[in-house]
Amino acid sequence: MSQEEASLEARLEEQAEFDPPESFVEQANVTDPGIYEEFEENWPDCWERAANLLSWDEAYDTVLEDDDAPFYEWFTGGELNASYNCLDRHVEEGAKNRAAIKWEGELGETRTYTYGELLNEVEAFAATLRELGVEEDDIVTLYMPMVPELPIAMLACARIGAPHSVVFAGFSADALATRMNSADSEYLVTCDGYYRRGDALDHLSKATEGLESVEHEVEEVVVVDRLGEALEHSLADGHHDYDELVAEHEGASVDPVSRDAEDMLFLMYTSGTTGKPKGVKHTTGGYLAYTAWTSHAVLDVKPEDTYWCSADIGWITGHSYIVYGPLALGTTTVMYEGTPDYPEKDRLWEIVETNRVDVFYTAPTAIRAFMKWGSQYPDRHDLSSLRLLGTVGEPINPRAWKWYYQHIGGEECPIVDTWWQTETGGMMITTLPGINTMKPGSAGPPLPGIDARVADVNGEEVDPGEAGYVTINNPWPGMLRTLYNNDERFISEYWEEYSDEEADEWVYFPEDGAKLDEDGYVTILGRVDDVINVSGHRLGTMEIESAVVGVEGIAEAAVVGGEHDVKGEAVYVYAIPEDGYEDQEAELEEQAEQAILDSIGPIAKPEQVLFTHELPKTRSGKIMRRLLEDIASGNELGNTSTLRNPEVVDEIAEQVESD
Ligand code: PRX
């Protein structure tokens, strides 16, 4: 590092607050600080501002219907189509030749779809789906990597009123089957494979294997050919080739179906406290209005921008901020297929430079990796097109924030640290980049109209500086409506903790811990349930545990998250071998890892699998997970006197250190 750089870094290290640069404020979409008061005074009608970003086929009568809380309804009586809002209306307004999607494959090939071309392709695939028998309200599963056909399939489903359920391509065959079974989904669109670090990965075999475990009849399967000759595959009987079907329907015209604002747009499965993933239901009106509004207000997206969110569409971030929000605003959204370090560690910066990206949105895990690789990689590129940076998915430590600010933003771009969840549909707590001062490490105040608080166990707001739990005390348009086919679990997971049912006062509990400062800024401390966050990906420890205890020879297991300097958290498995298996630990470890790969996928791969003859337990026999977390993170161990078997704690800690 040069002397100049070192002194700059030292200066930044001391700085606790950053104001948005004047040049940004001058052009920002939202700049009036009065917006907070305006939304509060005019709640819930303030949300018309979000609804007005959309084109409605039928105007809504009521902004918020709360008669059956917490089964809230937004923009009731309104009708619209999400695909029309993301495509046709921009074409009608003259933007047919503007780029909608700019896609880059890992090997360097590129594809651009203008709004006109994207609409054509979406119509052709919508016609295909109809011909295959997909009807309104049928759930179509999309098990696809980052290829343009994924957003095309999503929008084609939306066009004909068939909700989609996207399953992340990195998930295993079993995970696909679990989700198709849960959603009773009879249609699957998948892909032959994709590239990772230059290798062609076979995806179709996983999809085919998953189909074998689907309990109901699967009507139709469509396969996108991404790899061409790099992977020869023969389609199974009855499976269709995407390109052939789309070619047959080229030029088709498919009218967008008017959907009720409350009709399901999609299902997205996410991890919870039990072993079974939850099917989060999002609706057409509220979700689309909310993602469009937050893309406008927080990401400052403008139609003439080139905007890039580097998430995978298989997660909610990609749904809301690669596909629906940006396309609803008519901007150009970038998609990249591969990893950030292929062929070299400057790949993302090369994409920013060549596409002249204006707004870039990524995860803290990625930023920590960039930091580790060094600033020579971004330094090779002209990143001056960037105007705004964002992060999402996990807490960002001030050091990583400052590195991002300095080396990617050149100290000229505000950073929005956006806190939200699969269930919230869109951003909830973050600064507005044209208004608020930024404090690295703290997400910021709740967005206008969002009544997020930090409360103690009794629901009383904590004093500044104290830690508590995030609660959300008012509904918002992007909220999940229910868990698919499981209203009971919807109530028990999110509402029971803090609501007063008799008084009809409903408080949403996101299961995150947080601290508040004297300016009302929220610092997120992490999950307080059995969910862990590995590289910004949400995993249920119970799902991993149930895979591990399925291994013959493993009697009991506890899975916890331990701190990790790049991934944020990593998976640690503590297991007890059954009698007679004690000398087979190496085999058991391998089998445990394989079981995790089979039931979830490589993202859940454990950092360490450790065998012990006992797990630390309370006198009532409950595993003390907190202690195991401390052991995994190398923290000082707390009080062990309430344990039935305190001696085992030191034994395990020694093993962790020596492993
Ligand atoms: O713990 C919070 C963390 O990610 C969880 C939600 O995960 P998921 O539903 O997969 O959605 C991730 C993308 C929105 C939250 O409960 N989280 C998300 N954003 C932040 C965060 N933690 C700290 N800071 C954030 N900005």
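Conventions and cut-offs
Each chain has its residues counted from 1, running along the sequence as written. With the structure being a predicted model, the display of local features is reserved for residues of pLDDT at least 70 and the display and counting of side-chain atom pairs for 80 or more, all residues being used for whole-chain, interface and lining totals. Excluding hydrogens and water, the side-chain values take into account all heavy atoms of the structure. Numbering goes from the N terminus for both helices and strands, where a helix is a DSSP run of H or I of at least four residues and a strand is a run of E of at least two. Here the globule rule reads 2.2 Å times residues to the power 0.38, and the radius of gyration is calculated from C-alpha atoms. Burial here depends on accessible area, computed with a 1.4 Å probe over protein chains only, as a share of the maximum for the residue type. Under 20% is buried, over 50% is exposed, and the range in between is partly exposed. Contacts were defined at the residue level, with two residues in contact if any of their heavy atoms lie within 4.5 Å. The Shrake-Rupley method, run with a 1.4 Å probe, gives the accessible areas here. Residue values count only the displayed protein chains as cover. For each residue, the test is whether any non-hydrogen atom lies within 4 Å of the molecule or strand; if one does, the residue is near. In protein, a polar contact requires one atom able to donate a hydrogen and another able to accept it; more generally it is a pair of N or O atoms within 3.5 Å, and residues adjacent in sequence count only if both atoms are side-chain atoms. Axes, fitted as lines to C-alpha atoms, cover a helix only where it is in contact. Angles between the N-to-C directions of the axes lie from 0 to 180 degrees. Angle categories are assigned with fixed cut-offs, so that under 35 degrees is roughly parallel, over 145 is roughly antiparallel, 65 to 115 is roughly perpendicular, and the rest are oblique. Under this grouping Gly is polar, as are all residues other than the nonpolar Ala, Val, Leu, Ile, Met, Phe, Trp, Tyr, Cys and Pro and the charged Asp, Glu, Lys and Arg. We define a salt bridge as a side-chain nitrogen of Lys or Arg found within 4 Å of a carboxyl oxygen belonging to Asp or Glu. Each crossing is labelled by how the near helix is turned from the far one, with a counterclockwise turn of less than a right angle marking it left-handed and a clockwise turn marking it right-handed. Here, a strand pair is defined by DSSP locating no fewer than two bridges between the strands. A pocket, in this scheme, is an open set of points on a 1 Å grid over the protein atoms alone with protein on both sides within 12 Å along at least 5 of 7 lines, while a cavity is a set where a 1.4 Å probe fits but cannot get out; residues line either one if an atom lies within 4 Å of a point. Grid points are joined across faces, edges and corners, and a volume is the space filled by probe spheres set on the points. Counting rule applied: Lys, Arg positive; Asp, Glu negative; His and chain ends not counted. Pairing of aromatic rings covers Phe, Tyr and Trp, the last counted by its six-membered ring, and requires centre-to-centre distances within 6.5 Å; plane angles under 30 degrees mean stacked, over 60 mean edge-to-face, and any other angle means tilted. Each ring is checked for a lysine NZ or an arginine CZ that lies within 6 Å of its centre and within 35 degrees of its normal; such an atom marks a charge sitting over the ring.

Observations regarding the overall build of the protein
Then comes step 1: From N to C terminus, the protein includes 21 helices and 29 strands.
Then comes step 2: Its C-alpha radius of gyration of 24 Å places the protein within 12% of the 26 Å reference for a compact globule of 659 residues.
Then comes step 3: Here the protein holds 659 residues, and the buried ones make up 60% of them.
Then comes step 4: Long-range contacts, defined here as pairs at least 24 residues apart, represent 72% of the contacts in the protein between residues at least 6 apart.
Then comes step 5: Accessible area for the protein stands at about 25,700 Å²; split by element, carbon and sulfur atoms hold 41% of it.

Describing the site of the ligand
Then comes step 1: In the vicinity of the ligand there are 17 residues, among which D417, T418, T422, D512 and R538 approach most closely.
Then comes step 2: In this structure, T422 approaches the ligand through a side-chain N or O atom, which is 2.6 Å from an oxygen atom.
Then comes step 3: A distance of 3.4 Å separates an oxygen atom of the ligand from a polar atom in the side chain of N533.
Then comes step 4: Among the secondary structure elements, those contributing two or more residues to the shell around the ligand are helix 12 (316-328), strand 20 (415-418) and strand 24 (522-527).

Section: the packing of helix 14 (residues 364-373) against helix 16 (residues 398-408)
Then comes step 1: Packing of helix 14 against helix 16 leaves a shortest axis separation of 10 Å and a crossing angle of 70°. When the axes of helix 14 and helix 16 are compared, the pair comes out roughly perpendicular. Contacts from I367, R368, F370 and M371 in helix 14 reach R399, A400, W403 and Y404 in helix 16.
Then comes step 2: Considered class by class, the residues forming the contact of helix 14 with helix 16 number 6 nonpolar, no polar and 2 charged.

Details of the pattern of salt bridges
Then comes step 1: In the structure shown here, the tally under the stated rule is 36 salt bridges.
Then comes step 2: Ionic pairing is found between E17 and K439, a salt bridge with its closest N-O pair at 4.0 Å. Placement of the pair is E17 in the loop between helix 1 (3-14) and helix 2 (22-27) and K439 in the loop between strand 20 and strand 21 (452-455), with a sequence separation of 422 residues.
Then comes step 3: The exposure class of E17 is partly exposed, given its relative accessible area of 43%.
Then comes step 4: With a shortest N-O distance of 3.0 Å, R481 and E262 are connected by a salt bridge. With a gap of 219 residues between them, R481 in the loop between strand 22 (467-472) and helix 17 (487-494) and E262 in the loop between strand 13 (259-260) and strand 14 (264-270) connect regions that are remote in the sequence. Summarising the burial analysis for this pair, R481 and E262 share the class buried.
Then comes step 5: When salt bridges with common partners are traced through the structure, they connect K278, E423, R489, E493 and R538 into a single cluster.

With respect to the packing of helix 5 (residues 82-95) against helix 7 (residues 149-160)
Any two packed helices are characterised by the angle at which their axes cross and by the distance between the axes.
Then comes step 1: Contact geometry for helix 5 and helix 7: axes closest at 7 Å, N-to-C directions at 115°. Note that helix 5 runs across helix 7; the crossing there is left-handed. Contact residues: helix 5 offers A82, S83, Y84, C86, L87 and D88, while helix 7 offers L155, A158 and R159.
Then comes step 2: In the contact of helix 5 with helix 7, the residues fall into 6 nonpolar, 1 polar and 2 charged.

Some words on the sheet that holds strand 17 (residues 332-336)
Then comes step 1: Reading across from one edge, 5-4-17-16-18-19-20 is the order of the 7 strands in this open sheet, with mixed pairing throughout. At either margin of the open sheet sits one strand with a lone partner, and together these are strand 5 (110-114) and strand 20. The mean angle between the axes of side-by-side strands here comes to 20°, regardless of whether they run parallel or antiparallel.
Then comes step 2: In the sheet, strand 18 (residues 359-362) pairs with strand 19 (residues 388-392) via 4 bridges, with the strands oriented parallel. By the bridge assignment for strand 19, F360 is matched with L389.
Then comes step 3: Packed on one face of the sheet, helix 6 (residues 115-131) meets strand 4 (99-104) and strand 5 and runs near 90° to strand 5.

Considering the layout of surface pockets
One water molecule sets the probe size; rolling that probe over the atoms shows where empty space is left.
Then comes step 1: Computed from the structure, the second largest pocket encloses a volume of approximately 380 Å³.
Then comes step 2: Lining the second largest pocket are 21 residues; nearest its centre among them are E40, P446, I450, D451 and A452.
Then comes step 3: At the level of secondary structure, the elements contributing two or more residues to the lining of the second largest pocket comprise helix 3 (35-41) and strand 21.
Then comes step 4: Ranked by residues supplied to the lining of the second largest pocket, first place goes to helix 3 with 4 residues.
Then comes step 5: The residue inventory of the lining of the second largest pocket, partitioned by class, reads 13 nonpolar, 3 polar and 5 charged.

Remarks on the side chain of R179
Then comes step 1: With respect to the secondary-structure elements, R179 resides in helix 8 (residues 173-183).
Then comes step 2: Nearest to the buried, unbridged R179 among oppositely charged side chains is E543, at 4.6 Å.
Then comes step 3: Within the structure, the side chain of R179 is placed 3.0 Å from the backbone oxygen of A175, a separation counted as a polar contact.
Then comes step 4: Ignoring sequence-local partners within four residues, the contact set of R179 consists of V167, F171, Y269 and P277.

Remarks on unusual backbone geometry
Then comes step 1: Across the junction of A69 and P70, the peptide omega takes the value 5°, indicating a cis bond.
Then comes step 2: Tracing the backbone shows P70 in the loop between strand 1 (62-65) and strand 2 (73-76).
Then comes step 3: Cis geometry is found at the peptide bond from Y342 to P343, where omega equals -5°.
Then comes step 4: Among the structural elements, P343 can be located in the loop between strand 17 and helix 13 (347-355).
Then comes step 5: For R356, which is not a glycine, the phi torsion comes out positive at approximately 50°.
Then comes step 6: For R356, the position within the fold is in the loop between helix 13 and strand 18.
Then comes step 7: On the basis of relative accessibility, which here comes to 63%, the residue R356 falls in the exposed class.

Here's the deal with the packing of aromatic side chains
Then comes step 1: Enumeration over the complete set of coordinates arrives at 33 aromatic pairs.
Then comes step 2: Judged by centre distance (5.9 Å) and plane angle (55°), the rings of F370 and W373 are tilted. One end of the pair, F370, and the other, W373, are both in helix 14, 3 residues apart, so they sit about a helical turn from each other.
Then comes step 3: Centre to centre, the rings of W495 and Y508 are 5.5 Å apart; their planes meet at 70°, and the pair counts as edge-to-face. Of the two residues, W495 sits in the loop between helix 17 and strand 23 (512-516) while Y508 sits in the loop between helix 17 and strand 23, which places them 13 residues apart along the sequence. In terms of burial, W495 and Y508 fall into one category: buried.
Then comes step 4: Ring pairs connect the aromatic residues F71, Y72, W476, F490, Y494, W495, W506 and Y508, which therefore count as one cluster.
Then comes step 5: One Lys or Arg, R111, reaches over the ring of W103 and ends 5.1 Å from the middle of that ring.
Then comes step 6: The cationic tip of K439 hangs over the ring face of Y521; the distance from NZ or CZ to the ring centre is 4.4 Å.

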